[in-house]
Protein chains: 2
Amino acid sequence: MPPARKRSATIRDVAKAAAVSTATVSKFVNGSQRFSADVEARVTRAVQELGWSLNPMARGITTGQSGNIGIVILDIRNPHFTSMVKGAARSAGVAGLNLIVADAAESKAPELAVLRALARRVDGLIVSARLPQPVLQALFDTGTPVVFYGGPPPDPAYHSVCCDNYLAGRMLGRHLRDRGLRKISYIGFPTARWSAERWRGVQDAFEGEEARFQDYEAAAPVPEEGERLASVVLLSGDMPDAIVTFNDLLALGLLAEARALGVRVPEQVAVAGFDNITYGRLGSPSLTSVDMMSEAVGEMAMQRLAEVIAGAQTRHEDVLTCRLMVRESTTRQTPG
Amino acid sequence: MPPARKRSATIRDVAKAAAVSTATVSKFVNGSQRFSADVEARVTRAVQELGWSLNPMARGITTGQSGNIGIVILDIRNPHFTSMVKGAARSAGVAGLNLIVADAAESKAPELAVLRALARRVDGLIVSARLPQPVLQALFDTGTPVVFYGGPPPDPAYHSVCCDNYLAGRMLGRHLRDRGLRKISYIGFPTARWSAERWRGVQDAFEGEEARFQDYEAAAPVPEEGERLASVVLLSGDMPDAIVTFNDLLALGLLAEARALGVRVPEQVAVAGFDNITYGRLGSPSLTSVDMMSEAVGEMAMQRLAEVIAGAQTRHEDVLTCRLMVRESTTRQTPG
DNA sequence: TTGTAGGCGTTATCAA
DNA sequence: TTGATAACGCCTACAA
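The structure presented is a predicted model; accordingly, all values stated were derived computationally and were not measured.

What counts, and at which threshold
- Residues numbered from 1 in each chain as written.
- Chains lettered and ligands numbered in written order.
- Predicted model: local features only at pLDDT ≥ 70, side-chain atom pairs only at ≥ 80, totals over all residues.
- Heavy atoms only, no water.
- Salt bridge = Lys/Arg side-chain N within 4 Å of Asp/Glu carboxyl O.
- Helix = DSSP H or I, 4+ residues; strand = E, 2+ residues; numbered from the N terminus.
- Buried < 20%, exposed > 50% of the residue type's maximum accessible area, 1.4 Å probe, protein only.
- Pairing = 2+ DSSP bridges.
- Axes fitted to C-alpha atoms, helices over the stretch in contact; angles between N-to-C directions.
- Contact = heavy atoms within 4.5 Å.
- Right-handed = clockwise from strand over helix to strand, strands pointing away.
- Buried area = accessible area lost by both parts, 1.4 Å probe.
- UniProt positions renumbered as here; feature names shortened; annotations may be inferred.

Looking at the pattern of salt bridges
Enumeration according to the criterion identifies 38 salt bridges over all chains in this entry. The closest approach of N and O atoms between Arg177 of chain A and Glu209 of chain A, which form a salt bridge, is 3.6 Å. Taken together, the residues Arg177 of chain A in helix α8 (residues 165-178) and Glu209 of chain A in the loop between α9 (193-204) and β7 (212-217) connect sequence positions 32 residues apart. For Arg177 of chain A, a relative accessible area of 22% translates into the label partly exposed. Take Glu209 of chain A: its relative accessible area is 33%, and that puts it in the partly exposed class. Here Asp238 of chain A makes a salt bridge to Lys183 of chain A, at a shortest N to O gap of 3.0 Å. Of this pair, Asp238 of chain A sits in the loop between α10 (223-235) and β8 (242-245) while Lys183 of chain A sits in strand β6 (residues 183-188), and the two are 55 residues apart along the sequence. Put simply, Arg77 of chain A together with Arg90, Glu295 and Glu299 of chain B are held in one network by salt bridges that share partners.

What to know about the sheet that holds strand β12 (residues 323-325) of chain A
Sheet strands pair by backbone hydrogen bonding; their relative direction is either parallel or antiparallel. Residue and element names in this part refer to chain A. Ordered in space as β7-β6-β8-β9-β10-β12, the six strands form an open sheet in which the pairing is mixed. Looking at strand neighbours, the two that pair on one side only are β7 and β12, the edges of this open sheet. The sheet shows a mean angle of 20 degrees between the axes of neighbouring strands, taken without regard to direction. Here β6 runs beside β8; their pairing, made up of four bridges, is parallel. Across the sheet, Tyr186 pairs through a bridge with Val244, a residue of β8. Those strands touched by α9 are β6, β7, β8 and β9 (270-274), and its axis lies near 170 degrees from that of β6.

So, the pairing of strand β2 (residues 98-103) of chain A
Residues and elements named next belong to chain A. When strand β1 (residues 68-73) meets β2, the two strands line up parallel, connected through six bridges. The residue bridging Ile71 from the neighbouring strand is Val101, located in β2. Following the backbone out of β1, through helix α5 (residues 79-95) and into the adjacent parallel β2, one traces a crossover that is right-handed.

Points about the interface of chain A and chain B
Quoted interface sizes are often the accessible area lost when the parts come together. Opposite the 69 residues of chain A that make contact, chain B presents 68 residues. Together, the buried faces of chain A and chain B total about 5,500 Å²; carbon and sulfur atoms form 49% of this surface. Run the count over chain A and chain B and you get 10 salt bridges. The salt bridge involving Glu224 of chain A is made with Arg281 of chain B; its shortest N-O contact spans 3.6 Å.

Some details on the UniProt feature "domain: HTH lacI-type" (unreviewed entry) in chain A
Sites flagged by UniProt as "domain: HTH lacI-type" (unreviewed entry) map to residues 9-63 of chain A. Secondary structure over residues 9-63 of chain A splits into 69% helix and 0% strand, and the C-alpha atoms at its two ends are 21 Å apart.

Shown next, in the form of structure tokens:
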């Protein structure tokens with residue numbers, strides 16, 4: 001049988017064993033004060049022998065800090081978000097913080113009650129800049145430190161970390177234009193504010209050219225929607241030269257279905273997305289995409305949050321540099 | 001400016017406002033006792049007006065429960081694990097628990113100190129059954145409730161949730177055998193105990209047949225290793241009829257590199273993996289795989305853990321039913 | 001049905 | 001340099 005959960009030693013036990021006061025133990029283990037070599041040795045020894053480690057909850061009750069950070073992501077199955085989590089986890093580790101991951105995928109927005117409860121048990125929150133207004137308001141009301149990701153902060157009082165969505169679109173648009181493509185379709189995800197920005201960026205890249213634009217709306221930024229919309233986009237009306245999607249997941253779904261429909265990419269139509277997820281690189285054809293620096297965004301967001309919690313006053317809207325990754329889906333098929 | 005973090009109301013404030021004792025408030029909000037309609041109304045109203053919610057840490061100090069569960073995953077970028085997390089998150093939500101995700105990817109094994117610290121701040125832990133022995137021992141010493149995933153528990157005293165790895169291999173082997181394939185290579189990941197079991201299952205499926213087996217070792221179960229080993233497996237010696245990999249990520253890497261090498265799948269060689277991740281289905285050729293029920297495993301593990309925490313005495317080794325997903329990579333290419 | 005009071009493990013203030 | 005001791009916010013016997 002697993003050992004019963006030990007009623008572990010308390011700071012008082014340690015203090016007694018080391019023949020010092022609890023205050024001394026506390027200050028010493030927290031490194032907030034030095035003591036005589038003798039005292040320190042005794043305490044260290046007592047801690048060792050009793051196998052004591054401090055109770056984070058008891059500590060939290062007086063310090064008001066839990067040592068936990070919450071990160072609210074919109075879909076844990078989207079590699080873009082898992083990369084963010086990875087980045088955030090790394091900085092968190094450095095700062096000695098734990099990451100509580102809340103997946104909002106099931107409900108369109110995380111439920112208010114759940115979010116409030118989460119806010120109550122963390123020292124800060126990393127959340128998407130595209131949470132709906134009422135959710136944001138509830139969040140602000142809790143007074144919890146917040147850093148937003150994905151786009152500019154919905155309230156100028158808060159930090160944010162993102163890439164420039166317009167610029168990302170523009171880079172991609174420029175690439176398509178240079179490839180001589182002129183009929184451009186876009187599968188957007190209007191729920192995300194920056195879906196429109198990406199699209200605007202793409203379009204603006206064709207300034208001064210005769211180009212034809214058309215856009216479609218995905219109900220969710222997932223492969224299944226890409227698959228669903230494929231026939232609409234490819235087989236109704238005349239075929240575009242290129243299809244840009246709000247994210248790589250939509251693009252991957254689109255690619256899969258295009259293949260099923262017998263439409264050749266990029267020979268008949270080019271395809272490109274955003275996020276630069278791994279599976280875009282590995283697929284056939286490999287997917288042209290704009291790297292939105294998922295991992296770096298997560299890492300930076302956590303860093304900013306740690307700063308805020310530590311009492312930093314300055315506010316940042318970090319904009320990381322994105323990068324166009326040109327691959328087969330907008331250029332040419334490898335032999336085979 | 002974000003509002004300063006409010007010094008929120010305490011249970012005493014509520015008690016005073018409702019003209020009752022703190023005990024009454026406590027019992028009422030925890031649902032551990034009913035009171036007269038009048039009292040309940042007054043308390044409810046006071047809670048509302050003061051916007052009070054209890055401090056989880058203060059509560060934890062007396063109850064000994066944090067309301068947090070830790071899940072230690074080996075690579076958050078592997079869709080197999082994110083699906084597990086998703087499943088775990090769902091049951092956690094139902095049970096009102098939070099999920100602290102610890103990614104062990106960077107270090108081979110999670111560092112002992114980190115794990116101990118984590119154990120200290122959660123009510124239970126979901127961890128891989130393939131953690132190295134010293135880590136396990138440290139874990140057991142903490143007395144934290146643990147549920148293992150991926151394989152049978154490393155210690156018979158603990159719960160576990162997994163699929164039958166041998167059976168999964170056998171199902172896949174059977175499929176390959178039925179397809180008339182006889183020269184089978186395996187890219188394993190020896191660090192995982194069940195890599196060998198899967199391989200044994202595959203081999204046993206050929207009982208009574210003249211078959212030729214060969215195996216290779218991946219240093220990590222990631223696409224890059226699949227890419228790296230591709231040329232070794234495909235171009236040294238004579239080409240196998242089929243290559244089975246420890247997981248889908250290896251297979252995806254292998255497929256990508258095979259394509260680069262001009263080796264056609266499945267015409268020249270069949271490829272199959274384990275886990276049935278989404279990106280296997282979407283790729284070209286789509287990937288044959290055994291669905292190891294990632295999400296269900298996570299969900300079940302969390303459920304078991306909740307039971308243990310609630311005081312359940314019976315021990316379970318849940319074995320979920322896996323399922324072979326036959327796709328193009330072992331059958332035939334779609335036109336194009 | 002409701003209240004009193006002590007205790008949970010730690011930190012922080014202040015005095016020695 | 002060290003120690004008493006009062007918080008911290010909540011839970012829970014036990015009492016009324």
